[in-house]
Structures are given as C-alpha cells and as structure tokens.
Amino acid sequence: MTSFFRPNIESMAGYVPGEQPKPGTPIIKLNTNENPYPPSPAAMAVLQTLDSEWLRRYPDPYANEFRQAVSEALNVPANWVIVGNGSDDVLNVIVRACGEGDRRVAYPMPTYVLYRTLAEIQPAKTVEIPYGEDFQLPIAELVAENAAITFIASPNSPSGHVVPTNDLRQLAAQLSGVLVVDEAYVDFADETALPLVQEFENVIVIRTLSKGYSLAGLRLGFGVAQPRLLEGLFKVKDSYNIDAIACLVGSAAMRDQAYKNACAEKVKVSRAQLALELKQLGFRVWDSQTNFLLVQPPMGDAETIYLTLKEQGILVRYFKQPGLSDKLRITVGTDEQNQKLIQLLFAHFGF
Ligand SMILES: *Cc1c(COP(=O)(O)O)cnc(C)c1O
C-alpha cells in the first residue's frame, strides 16, 4: 500500500510528550517540569479585563505588546525579539528556515528530544555528539561539524547542568551556522548566555514562559537575536502564531519579574532539600540549575520505580534511552509534594 506521507514522516517515531492527566486528577505531577506555584496574580487579573473584541479580531502578528514587555525586562531592543506559540514554535521556525538535507542540525547528547524530531520532519540530517565526562561541551566536535543549526539547551534537560557562557562564546565564534541556546530553565540558573546575542549575529537565545513563569498552558515563548537573523524567521512563522489572550497575559507576567523570581527562589530552596534527601536515600543526584533533578537509584531498576510511583499517584519522567534508562528525571514540586515522594520511595523500596 502506498503511504499518505513523505518517507521521512512515514519512518519517524514522532515526539512523545510527558503524560498530562486532566487537571483535578489527584496526582502529584513531577514529570514535565511545570512550576508548582500559580502564575503571577497580575497575569491572572488580565483575564478579568477581556471582552469579546479580543477574540473577534485577529491578534497582533508580532505580539508587540509582549515584545515591549520583554524589552523592558531583559534590556534588549524590542525588534530583537521573535515571539512563538511556546518556545517549541520558535525552535520549529528555526529548523524550517535554516535546515534541510545537508544543511544539518547538530546537538550534544543527551538533550531535549524535540531537536531531533524537528529535524526529522524537515527533513535535515542530524549530528548527535555525546557530552563529555561531567557534561563537558564537545566544542571541537561541534565546530568540526559546522552544522547549519547547532542546538544547545542550557541549562540542559535531562541533565540539569549549565553550559558555561565562555564555552558557548567559543562555539559561536567558530560556527558559521546558527547557534541556538535554549534557555527554557534559565529562571532557576545562575548564568545566562543572553550577552552573546550582542556579540554574535549567528546566536539566538530562546526563552519560555512555561517553566519560570508557571504558564505552560498559555503557550508563549520567544527568541532574542539580531534583526538580520530574525528577518528570515519572520518569513517562516505563522502570521498569527500568538493568540491575543496569550499576548496580554504573558505581557503582565513578564512585567512581574519580582513574582517570578520569588517563586524561582522557593523552587531552588526545595531543590537543594530534595537533592539532599534523595542522596540520604542513596540516590546519585546530579547538580541541577533547573527545576528538576536527574537521579540514579541505588538499587532496583529505574523503570520499576517509575511504574510503582505512578501506581501510587506520583508521576516522574523515565526515558528508555541509552545512558538514561537507569535514571529518573524528577521535577521539583512543593515541599509537601517532595516529602510525599521521599516517603513513598522509603516505604516501597526501603532505600
Ligand atoms: C520545556 C522545554 C521547552 C518547551 O517549552 P515551551 O515553551 O512550553 O514550548 C523547550 N526547550 C526545553 C529544553 C524544554 O525543557
């Protein structure tokens, strides 16, 4: 039988998102790195002010209100900002604009699986280079490939480590293609690569409101780069990729940096506590600058622990992949949620 699809689509696996039980399901959800705290009250208040006109009319194609809010919060020019329906949308636009066939997509492994998925859809060839010991960035290997697009998630998922800005600077200076620094978790980190956007016209830094700003359901993310790089991306993005409500709610959230930072501080304190308690149970815990921990259980297999926790109402993330199949990625929840996790691990496995 002939396929409906192009050969690359027929043969690819497709991205598998983390499980999303219905809101209200009595489950502790530590599998997709959502923020355990609600969005900014200022952002929620915007919803009360909306009337039907906001829905009847098309939204601003460039989400200029939101670009202005980003400009003020991050001290970058508003015309250096491209807004997406989640940062995944911006990543997708970059692959569609810059990748194809031998215009390859490179990234260190392990990292965010969507980079591969987007390349497979295009299709563009992928180059996967393993991280070194202790997650050293393989700079020379990535430079040698000089791909059309090089993706670096920093902080990285699922490892949680930050790539030092100086390593990224060296990489940017030697690549002629685009260097995408995906900072989805930057709100929980000590370092940002944002200054590189000033220094290099081939660098784009990607941010999201899904993690730090507790707005994963809203779907809002953005990229910061010099106008020459954004010019091509604007040709590719959907005309109305940001809905009117997301633009307004997101702008209010972006203007409330104090609230976002206060929640991030709470998460960081809980992260240290959870890491300590897991270590006391014998887990290996990698240093994290994100709102999750990559951990390796002291005994028993990670998949069994994942399944047992799930039965008991706690979802964590398990990746059946080389190098990760003996580990779990656990989102940092509230202290109360983290305590329940520790208690269950102790009760069921006696760690
Ligand atoms: C969560 C995540 C994203 C996706 O963010 P959205 O803005 O919700 O699309 C992008 N990159 C990484 C590394 C992530 O973990």
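Residues numbered from 1 in each chain as written. Predicted model: local features only at pLDDT ≥ 70, side-chain atom pairs only at ≥ 80, totals over all residues. Heavy atoms only, no water.

Caption draft 1: Representation of the site of the ligand in the model. In the vicinity of the ligand, the residues found are Gly-86, Ser-87, Asp-88, Tyr-112, Asp-182, Ala-184, Tyr-185, Thr-208, Ser-210, Lys-211 and Arg-219. The contact in question runs from an oxygen atom of the ligand to an N or O atom on the side chain of Tyr-185, over 2.6 Å. For the ligand, whose accessible area on its own is 390 Å², the fraction buried by protein is 93%. Its residues assigned to classes, the shell around the ligand shows 3 nonpolar, 4 polar and 4 charged. (Near = heavy atom within 4 Å. Polar contact = N/O pair within 3.5 Å; in protein donor to acceptor, adjacent residues only side chain to side chain. Areas by Shrake-Rupley, 256 points an atom, 1.4 Å probe, with all protein chains shown as cover. Nonpolar A, V, L, I, M, F, W, Y, C, P; charged D, E, K, R; others polar.)

Caption draft 2: Fine view of the environment of Phe-135. Turning to its location among the elements, Phe-135 is positioned in the loop between β4 (124-130) and α7 (139-145). Taking the C-alpha atoms as reference points, Phe-135 and Asn-156, 21 residues apart in sequence, are found 9.6 Å from one another. Discounting chain neighbours no more than four positions away, the residues touching Phe-135 are Pro-110, Ser-159, His-161 and Trp-286. (Helix = DSSP H or I, 4+ residues; strand = E, 2+ residues; numbered from the N terminus. Contact = heavy atoms within 4.5 Å.)

Caption draft 3: Quick look at the side chain of Asp-167. Turning to its location among the elements, Asp-167 is positioned in helix α8 (residues 165-174). Buried charged residue Asp-167 carries no salt bridge. Nearest counter-charge: Arg-169, at 8.9 Å. With residues up to four places along the chain from it excluded, the contact list for Asp-167 reads Leu-137 and Ile-139. (Buried < 20%, exposed > 50% of the residue type's maximum accessible area, 1.4 Å probe, protein only. Lys, Arg positive; Asp, Glu negative; His and termini not counted. Salt bridge = Lys/Arg side-chain N within 4 Å of Asp/Glu carboxyl O.)

Caption draft 4: Expanded view of the domain arrangement of the chain. Per the domain assignment, the segments of the chain are domain 1 (7-38 + 258-349) and domain 2 (41-256). A separation of 24 Å is found between the C-alpha centroids of domain 1 and domain 2. Interface of domain 1 and domain 2: buried area, both sides summed, is about 2500 Å²; carbon and sulfur atoms make up 60% of it. On the domain 1 side of the interface with domain 2, the three residues burying the most area are Tyr-15, Lys-260 and Gln-289, jointly 28% of the side's total. If you look at where domain 1 meets domain 2, you find 1 salt bridge. At the level of secondary structure, the elements contributing two or more residues to the side of domain 1 that touches domain 2 comprise α1 (7-11), α12 (257-280) and β10 (292-296). In terms of residue count, the dominant contributor to the side of domain 1 that touches domain 2 is α12 (7 residues). (Domains from an automatic or database assignment. Buried area = accessible area lost by both parts, 1.4 Å probe.)

Caption draft 5: A look at the sheet that holds strand β6 (residues 178-182). The strand order β2-β8-β7-β6-β5-β3-β4 describes an open sheet built from 7 strands, whose pairing is mixed. Looking at which strands have only one partner, the edges of the open sheet turn out to be β2 (81-84) and β4. Going across the sheet, the axis of each strand differs from the next one's by a mean of 20°, ignoring polarity. Relative to β6, strand β5 (residues 149-153) runs parallel, the two sharing 5 bridges. Its bridge partner lying in β6, Thr-150 is registered against Leu-179. (Pairing = 2+ DSSP bridges. Axes fitted to C-alpha atoms, helices over the stretch in contact; angles between N-to-C directions.)

Caption draft 6: Expanded view of helix α14 (residues 335-349). Spanning 15 residues, α14 covers 21 Å between terminal C-alpha atoms, matching the ideal 21 Å at 1.5 Å per step. For α14, the complete set of buried residues consists of Asn-338, Leu-341, Ile-342, Leu-344 and Leu-345. In a view along the axis of α14, the buried residues occupy a sector of 160°, so they form one face of it. Summarising the geometry of α14, the exposed residues directed more than 90 degrees from the buried face are Glu-336, Gln-343 and Ala-347. (Expected span 1.5 Å × (residues − 1). Arc of directions from axis to C-beta.)

Caption draft 7: Quick look at the packing of α12 against α14. The contact between α12 and α14 brings their axes to 10 Å, and the two run at 10°. One element, α12, and the other, α14, form an angle in the roughly parallel class. Contacts from Ser-270, Leu-274, Glu-277 and Leu-278 of α12 reach α14 at Asp-335, Asn-338, Gln-339, Leu-341, Ile-342 and Leu-345. Of the residues contributing to the contact of α12 with α14, the split by class is 5 nonpolar, 3 polar and 2 charged. (Parallel < 35°, antiparallel > 145°, perpendicular 65-115°, else oblique.)

Caption draft 8: The nonpolar core, seen in detail. Judged by nonpolar contacts, the single largest core of 55 residues is most densely connected at Phe-66, Leu-137, Ile-152, Leu-171, Val-203, Leu-209 and Phe-222. For this core, the element with the highest residue contribution is helix α11 (residues 244-255), accounting for 7 residues. Two domains each put at least three residues into this core: domain 1 (7-38 + 258-349) and domain 2 (41-256). Contact partners of Leu-209, with chain neighbours within four places excluded, come to Phe-66, Ser-214, Leu-215, Ala-216, Leu-220, Phe-222, Gly-250, Ala-253 and Met-254. Counting 32 residues, the second largest nonpolar core, distinct from the first, contains Tyr-185, Ala-275, Leu-293 and Val-295. (Core = buried A, V, L, I, M, F, W, Y, C linked by side-chain atoms within 4.5 Å.)

Caption draft 9: Just the pairing of β2, in detail. Where burial is concerned, the two faces of β2 agree: the one with Val-81 and Val-83 and the one with Ile-82 and Gly-84 are both buried. Bridging between β2 and strand β8 (residues 221-224) involves 4 bridges; their strand directions are antiparallel. Bridging from a neighbouring strand, Val-83 pairs with Phe-222 of β8.

Caption draft 10: Fine view of the sheet that holds β10. Strand order in the open sheet formed by 3 strands is β9-β10-β12, and the pairing between neighbours is antiparallel. Of all the strands in the sheet, the pair left with one neighbour each is β9 (284-285) and β12 (328-331). Sheet topology note: the β9/β10 ladder contains 2 bridges and is antiparallel. Across the sheet, residue Arg-284 finds its bridge partner in β10, namely Gln-296.

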